[in-house]
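Secondary and tertiary structure notes
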Amino acid sequence: MSNAKQTKRLTPGSRETLLTILETLPDAFFVVDDAGTIVYANASAQAMSGATPEDVCGKSLWCGASHLVSTALYQVIQKAKQTQEPTEVEYASPVTRHWLHVQLAPTVGGLMLQFHEMRAPAPRQETFPRGERLCIGDLDGLPTWIGILTPEGIVLDINAVPLDDAQVRREEVIGKPLAEAPWWSFAPASQEWLRAAIARASTGETVHFEVLLRPRGGIVLSFEGTITPHMDADHHVEYLVIAGIDITARKQADEAIHTLIDAIPQLVWIARPDGSITYNNQRLIDYLAMTLEQVEGAGWLAGVHSDDRHRVWEAWQTAIQTGVPYEVEQRLQDGTSGAYRWFLVRGVPQRNAQGTILHWVGTCTDIDEQKRVEQQLNESRENWRVLAETVPQLVWTSLPDGFVTYFNQRSFEYTHAAFEQLQGYGWYQFVHPEDAERLVALRRHAFATGETYEVANRVRNGQTGAYRWFLTRAMPVRDGIGQIVKWVGTCTDIEDQKQAEQKLKESRENFRVLAETLPHLVWTMQPDGRLDYVNQRACDYIGASPEYMLGDEWWQFVHPDDYERIQALRRHSRETGEPYEIEYRLKDGQTGAYRWFLGRTLPVRDDTGQIIKWLGTSTDIEGQKRIEESLRQSQERVSVLMNSTMIGINIIEKEQIVDANDTFLRMTGYTCEDLRAGRMNWMRMTPPEYLARTRQVHQELATQQSVTYEKEYICKDGSRLPVVVCGVVLKHHPRQAIAFVLDNSARKELDQRKDAFISMASHELRNPLTALKLQTSLLHRQLARQGIPASAPALSSMETQINTVTRLVEEWLDVSKFQAGRLEYVRERVNLDELLREIVDTMQQTHPSHRILLRGAVQTSLMADRDRLGQVFTNLLSNAIKYSPGAETVEMDLSTSEETVTVRVCDHGLGIPREQRDKIFERFYRASGPRQKAIPGLGMGLYIVAEIVKRHRGTITVDSTVGKGSTFTVTLPKKRDA
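Residues numbered from 1 in each chain as written. Predicted model: local features only at pLDDT ≥ 70, side-chain atom pairs only at ≥ 80, totals over all residues. Heavy atoms only, no water.

Attention now moves to the overall build of the protein chain. Scanning the protein chain for helices and strands turns up 32 helices and 37 strands. Within the protein chain, buried positions represent 41% of all 978 residues. For the protein chain, long-range pairs separated by at least 24 residues make up 47% of all intrachain contacts whose partners lie at least 6 apart in sequence. About 54300 Å² of surface is accessible on the protein chain, with carbon and sulfur atoms providing 53% of the total. (Helix = DSSP H or I, 4+ residues; strand = E, 2+ residues; numbered from the N terminus. Buried < 20%, exposed > 50% of the residue type's maximum accessible area, 1.4 Å probe, protein only. Contact = heavy atoms within 4.5 Å. Areas by Shrake-Rupley, 256 points an atom, 1.4 Å probe, with all protein chains shown as cover.)

Pairing is mixed across the open sheet formed by five strands, whose spatial order is β32-β34-β35-β37-β36. Here the strands that pair on one side only, and so sit at the sheet edges, are β32 (851–855) and β36 (955–961). Neighbour to neighbour, the strand axes of the sheet diverge by 15° on average, direction disregarded. Across the face of the sheet, helix α32 (residues 941–951) comes into contact with β36 and β37 (965–973) while running at roughly 140° to β36. (Pairing = 2+ DSSP bridges. Axes fitted to C-alpha atoms, helices over the stretch in contact; angles between N-to-C directions.)

Running from N to C, helix α30 (residues 866–882) and α32 cross one another at 145°; their axes reach a closest spacing of 9 Å. Between α30 and α32 the crossing geometry is left-handed. Counting all contacts with α30, which are made through R868, Q871, V872, N875, L876 and N879, the residues of α32 involved are G941, L942, I944, V945, I948 and V949. Looking at the contact of α30 with α32 residue by residue, the class counts come to seven nonpolar, four polar and one charged. (Left-handed = near helix turned anticlockwise from the far one by under 90°. Nonpolar A, V, L, I, M, F, W, Y, C, P; charged D, E, K, R; others polar.)

As a further point, take the pairing of strand β9 (residues 221–231). Where strand β8 (residues 207–213) lies against β9, seven bridges are found, and the strand directions are antiparallel. From the neighbouring strand, L212 faces β9, where its bridge partner is S222. Sheet topology note: the β9/strand β10 (residues 237–246) ladder contains nine bridges and is antiparallel. Directly across from T228, in β10, lies its bridge partner V241.

Our focus in this paragraph is the sheet that holds strand β3 (residues 87–92). Reading across from one edge, β2-β1-β5-β4-β3 is the order of the five strands in this open sheet, with antiparallel pairing throughout. The open sheet has two edge strands with one neighbour each: β2 (38–41) and β3. The mean angle between the axes of side-by-side strands here comes to 20°, regardless of whether they run parallel or antiparallel. Relative to β2, strand β1 (residues 28–33) runs antiparallel, the two sharing three bridges. Across the sheet, the residue bridging to V32 is I38, located in β2.

A word on the nonpolar core. Membership of the largest hydrophobic core comes to 61 residues, with the highest contact counts inside it found for F30, L113, F115 and W183. Looking at this core element by element, the count peaks at six residues for helix α6 (residues 71–83). Discounting residues that sit within four places of it in the chain, F30 has contacts with I38, Y40, A41, A45, V56, A65, L68, L111, M112, L113 and F115. Grouped together as the second largest cluster of nonpolar side chains are 40 residues, V903, M940, I944 and V945 included. (Core = buried A, V, L, I, M, F, W, Y, C linked by side-chain atoms within 4.5 Å.)

One can expect most non-glycine residues to show negative phi and most peptide bonds to be in trans. Its identity is not glycine, yet K654 carries a phi of approximately 60°, on the positive side. Structurally, K654 is set in the loop between β26 (647–653) and β27 (656–660). Positive phi, close to 50°, is recorded for Q859, a residue that is not glycine. Among the secondary structure elements, Q859 is positioned in the loop between β32 and β33 (861–864).

With that settled, the discussion passes to the side chain of E891. Along the polypeptide, E891 turns up in strand β34 (residues 889–896). No salt bridge is formed by the buried E891; its nearest oppositely charged neighbour, R855, is found at 4.5 Å. Polar side-chain contacts of E891 include one of 3.0 Å to the side chain of H908. Sequence-distant contacts of E891, that is, excluding residues within four places in its chain, are made with L853, R855, R904, V905, C906 and H908. (Lys, Arg positive; Asp, Glu negative; His and termini not counted. Salt bridge = Lys/Arg side-chain N within 4 Å of Asp/Glu carboxyl O. Polar contact = N/O pair within 3.5 Å; in protein donor to acceptor, adjacent residues only side chain to side chain.)

Quick look at the pattern of salt bridges now. When charged atoms on two side chains of opposite charge get close, those side chains can pair. Under the criterion given, the structure shown has 32 salt bridges. In this structure, E712 and R720 form a salt bridge, with 3.3 Å as the shortest nitrogen-oxygen distance. Classification of E712 by relative accessible area gives buried; the value is 15%. By relative accessible area, R720 is classed as partly exposed at 42%.

Taken together, the side chains of L399, F403 and Y425 define a hydrophobic patch exposed on the protein surface, amounting to about 250 Å² of accessible area. Relative to the helices and strands, F403 is located in the loop between β16 (394–398) and β17 (404–407). With a relative accessible area of 32%, F403 lands in the partly exposed category. (Patch = residues over 30% accessible without salt bridge, like charges linked within 9 Å, V, L, I, M, F, W, Y side chains within 5 Å.)

The next thing to look at is the packing of aromatic side chains. With the rule as written, the count across this model stands at 16 aromatic pairs. Seen from their ring centres, F664 and Y713 are 5.5 Å apart, and the 85° between their planes marks the pair as edge-to-face. Of the two residues, F664 sits in helix α24 (residues 662–668) while Y713 sits in strand β28 (residues 706–714), which places them 49 residues apart along the sequence. Each member of the pair, F664 as well as Y713, is classed as buried. A connected cluster of aromatic rings, assembled from ring pairs, spans W269, W316, Y326 and W360. Between K498 and the ring centre of W469, over which it is positioned, the NZ or CZ distance is 4.5 Å. Here K625 stacks its cationic end above the ring of W596, 4.4 Å away from the centre of that ring. (Phe/Tyr/Trp six-rings, centres within 6.5 Å; stacked < 30°, edge-to-face > 60°. Lys NZ or Arg CZ within 6 Å of the ring centre and 35° of its normal.)

Relative to the elements of secondary structure, Q46 occurs in helix α3 (residues 43–49). Residue classification places Q46 among the buried residues on the basis of a relative accessible area of 19%. In this structure, the C-alpha to C-alpha distance between Q46 and F30, residues 16 residues apart in sequence, is 9.4 Å. In contact with Q46, other than residues within four places in its own chain, are A41, A51 and P53.

Next up on the list: the confidence of the model for the protein chain. When the pLDDT values of the protein chain are averaged, the result is 81; 81% of them are 70 or greater. In the predicted structure, residues 1–10 sits below a pLDDT of 50 and forms three contacts with residues beyond four places in sequence or in another chain. Predicted confidence for residues 124–134 stays below pLDDT 50, and this span has 22 contacts to residues more than four positions away or in other chains. (pLDDT = per-residue confidence, 0-100.)

To continue, consider helix α13 (residues 306–322). Along its 17 residues, α13 runs 25 Å from first to last C-alpha, staying within 8% of the 24 Å computed at 1.5 Å per residue. Of all the residues in α13, the buried ones are D308, V312, W316, A319 and I320. (Expected span 1.5 Å × (residues − 1).)

Attention shifts here to the pairing of strand β11 (residues 267–271). Counting buried residues in β11 gives five out of five residues, a clear majority hidden from the surface. Side chains L267, W269 and A271 of β11 all project onto a buried face; the interleaved residues V268 and I270 project onto the opposite face, where all are buried too. As judged from the five bridges shared by β11 and strand β15 (residues 357–366), these two strands associate in the antiparallel manner. Among the inter-strand pairings, L267 is bridged to a residue of β15, identified as C364. By the bridge criterion, three bridges tie β11 to strand β12 (residues 277–280) in an arrangement that is antiparallel. Across the sheet, A271 pairs through a bridge with I277, a residue of β12.

So, on to the side chain of T969. Looking at where T969 falls in the secondary structure, it is placed in strand β37. Excluding anything up to four places from it in sequence, T969 contacts T902, V903, R904, T955, I956 and T957.

This brings us to the environment of W555. Inspection of the secondary structure puts W555 in the loop between α21 (546–549) and α22 (560–576). On the basis of relative accessible area, W555 is assigned to the buried category, the value being 11%. Each residue touching W555, except ones within four places of it in the same chain, is listed here: Y563, I566, Q567 and R570.

Compared with an ideal rise of 1.5 Å per residue, which puts 14 residues at 20 Å, helix α9 (residues 188–201) spans 20 Å between its outermost C-alpha atoms and is within 8% of the ideal. Within α9 the residues assigned to the buried category are S190, Q191, L194, A197, I198 and A201. Summarising the axial view, the buried residues of α9 lie within an arc of 125°, below the 170-degree limit, and thus occupy one face. Residues of α9 that are exposed and point more than 90 degrees away from the buried face comprise P188, A189 and E192. Those residues of α9 that are buried are in contact with β6 (145–149), α8 (182–185), β8, β9 and β10. (Arc of directions from axis to C-beta.)

A word on the packing of helix α29 (residues 832–846) against α30. Remark: α29 packs on α30, axes separated minimally by 10 Å, with the N-to-C direction vectors making an angle of 40°. The pairing of α29 with α30 is recorded here as oblique in orientation. As for how α29 packs across α30, the hand of that crossing is right-handed. Contacts between α29 and α30 involve L832, E834, L835, L836, E838, I839, V840 and M843 on the former and, on the latter, R866, L869, G870, F873, T874, L877, S878 and I881. Looking at the contact of α29 with α30 residue by residue, the classes come out as ten nonpolar, three polar and three charged. (Parallel < 35°, antiparallel > 145°, perpendicular 65-115°, else oblique.)

See the structure below:
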């Protein structure tokens, strides 16, 4: 074109001149490229658009000058691009409502547009005939949303309805993408859907849609619309028309209808006038297992049996074309199992006031059982009779009014009646009187309504007269038009089931009684974790009613520290089906105190292994917990004892030491390795002289809880260790004993020093006392010869004191000899009766304060040391007199048996406490009472007595009551071993 040539001849100077001319033009002047982007706008254009060059240039004409946009301008621009010829158009701006005259001229790579604002339209030939030019303003009175879009989705024009709904101005929308308008911008998903719909329409496709819009905050509308492409002469999409209406009220009404339909126990569907399915209720969706998208149009035919499909489609098309109600029997496939069932499908057209069909409403009624019965009847009545005769039930048929016309052979055998006795209503005589009225009423209702019925009733056995429970079922048999032609019934023997139900009832009652009598909190829980039973003991403990316990409030009685642990364990068990056991604390609803419980829960399963409930118990273990705590404390004390550095401890089993603490190992010089290797044997560690006593202790432990004794251990290095041992038998392990060992070395050394001192002192004192005693006797004779009797009492007193000191020295010597093992005994025949009389006479003369009674006689002689035996009984009589200061008598009783002689010395004095009786025979021990301490003595007499008796192979015991006196019993063998 010449325009191109002229452009090529432009010089820098002429270009500047051109720009100056353009800038001075009073009209708005735009240059746009082929893509519609503004590449130049003069000053008038900038003033008209109200923007700077930076805001205008580089933008689409529809966005940079949106107030100039109109459908007419869009159409003429498209025409100029196609024809490449100058053109013009006049139109009123949709935004400003000002009339504009626009001249368009093609250029290389674009268009030049000159806008001139007019006061009134010029009467001239329009570029587009009136029928071809779009005018949205003409449609502002309609309640319809209408907009004109470019194929890219830019809004060219829009009517007032959507603007009023969104409360926005036209200039806020014109020239901008529709997807960014307020109706769509609230949801990105809606925007993407609209963009996709515009893209489809821009390819020439008419797009129908329903979507939610939000014109402004708080308002959401259901919108039904259509995007229709407008084609130019070359069949290219010139622009898009979007039109729609607000269907919110209709959708709400549809939803209400759908909600009502979903509640109907039928398969329900709705279709458009053209027959395309728009709705299936949930029951139909579940049966077909097909979504609404899958059944749209003719997609529902996929669920129809292939043999029925053609017949059903023709019947449906006939109904659509004629508008008559639709009814057909067909087989529909169960989408889950794949099986086909017969349905009676009915459809009724719904019309408006003008008779136009709005939609079809239909139902699908399951007639599969009816069809099966019809098929069976049609196939062979004989087959039915054979079946009736072979099934393990009583079978009968009746007329529609209930008059029975057939019984199978099993019915005759059970009732022992002929057909003539049973036919009609004769069978009533075999129904239990308590069930007859109920059965008759149910049959009457079934015959009136045509409904099947089922009832449990008792029927009498014609032979035994006993009644058995039967489950009676009856259903109608219909003909092709649905009329009942007969009834078919069965009576199934459920006596065993009834008895099982009774046993189950009794079992449940037994469970309840057991649960109420058990000393536990008992409960049951459904598989989802909700309690459905708690026993009274649980209610009493919590202090709440059963209704309260079946809720969740009882959890507040669980100790806060145990709550999460219990919940986690319960969740795990419900997920895995595993039983669980847990210890937790539960608050007493009356006292507020927490007590420990052991909770156990087991699943109860049915025959298929499914958990039907959980059974749980909570056992009070507060006492056990306290015992465990006491045991823990006891173990701590035992641990402290075992770790003692003073007391050695060992555990023996038979002859072996199987365990020992570090103190015992240190005392004996052994190591842990010796202990583990079994090198610690108590018999090998015991010196020969202590072996008999140690064995005796082990025997005594069989009858006594503990025994304390002294012995020595042979240490690992061969040295000896004097110890005091307390042996204890373990109650729950009778084959084991525990020994507590105390190092006795220091006391033994002290005793040796004491014995050495006594031996030395007694020898040193003995000679001076002998001389003193001799001098006193000589003095006594001299004074007697001189006739000085006044000095006799004084000398007698001196002799008494000297004798006392001499006796003490003799006892010291005896003790010393005992310890050294040097005390000598003379074996001679001793007349015990004579010896005791001499001792009693002597003691009676020296102790006139008490009367000594000697009763009985032994009349036998013993092989013994006469002086030592005299020392024994003299000491016992002396103690009896000394420790019974308020009494008048002391008794000595003699008795004999075949093997032994027994002498008892009894006083009525102070008595000896029980805890001191075993100690009075120990060396230097004296009773610790205040009155006993006031009586002089060294505590050696009874020790000497016990040693002498022991050397004579005898025994000495004491029986005493505090405040009443003591009895010492000496038993000596008649025949003494050499």
